[in-house]
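If you want the building blocks of each chain, they are given just below.
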Amino acid sequence: MTTVTYLVPAISCGHCTRTIETELGDLQGIQSVKADQASKKVEITFDMPASEDAIKALLSEINYPVEA
Ligand SMILES: [Cu+2]
């Protein structure tokens, strides 16, 4: 199991955190997603077959790209 924390500057309200948690939660292998509005950080715990690349790709797709 791997836990990563990403900075997602596009988070601006509670809807953003809900969208991110819902969309990422649907990805196979994701164990938990915690998005925080104040810090704009998203903490994700995952297992195979999820990967950092897949998570970042999905976040870009839904217009919440991870800050490089
Ligand atoms: Cu929002």
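Structure shown above.
Residues numbered from 1 in each chain as written. Predicted model: local features only at pLDDT ≥ 70, side-chain atom pairs only at ≥ 80, totals over all residues. Heavy atoms only, no water.

**Q** Break down the environment of alanine 10 for me, with residues and values.
**A** By the element assignment, alanine 10 lies in the loop between β1 (2-7) and α1 (14-25). For alanine 10 and tyrosine 64, which are 54 residues apart along the polypeptide, the C-alpha to C-alpha distance reads 5.6 Å. Leave out the neighbours within four places in its chain, and alanine 10 touches Cys16, Asn63 and Tyr64. (Helix = DSSP H or I, 4+ residues; strand = E, 2+ residues; numbered from the N terminus. Contact = heavy atoms within 4.5 Å.)

**Q** Break down the sheet that holds strand β3 (residues 41-46) for me, citing the residues and quoting the values.
**A** Strand order in the open sheet made by the three strands is β1-β3-β2, with antiparallel pairing throughout. The sheet is open, and its two edges are formed by β1 and β2 (30-36), each paired on a single side. Here the average twist between neighbouring strands, direction ignored, is 15 degrees. In this sheet, β3 lies alongside β1 in antiparallel orientation, the contact comprising six bridges. Within the sheet, the bridge partner assigned to tyrosine 6 lies in β3 and is valine 42. Along the sheet, α1 contacts β2 and β3; its crossing angle with β2, the most-contacted strand, is approximately 170 degrees. (Pairing = 2+ DSSP bridges. Axes fitted to C-alpha atoms, helices over the stretch in contact; angles between N-to-C directions.)

**Q** Outline the coordination of the copper ion, listing residues and values.
**A** Ideal geometry at a metal gives 109.5 degrees between four tetrahedral donors and either 90 or 180 degrees between six octahedral ones. Bound to the copper ion on the protein side are Cys13 (SG) and Cys16 (SG), at distances that span 2.0 to 2.1 Å. For cysteine 16, a relative accessible area of 6% corresponds to the buried category. (Donors = N, O, S within 2.8 Å, 3.2 Å for Na, K, Ca; no water. Buried < 20%, exposed > 50% of the residue type's maximum accessible area, 1.4 Å probe, protein only.)

**Q** Which residues make up the environment of glycine 25, and what values go with them?
**A** Positionally, glycine 25 belongs in helix α1. Looking at glycine 25, the relative accessible area reads 40%, which means it is partly exposed. Taking the C-alpha atoms as reference points, glycine 25 and isoleucine 44, separated by 19 residues in sequence, lie 9.4 Å from one another. Contacts of glycine 25, omitting those with residues within four sequence positions, involve Ile20, Ile30 and Val33.

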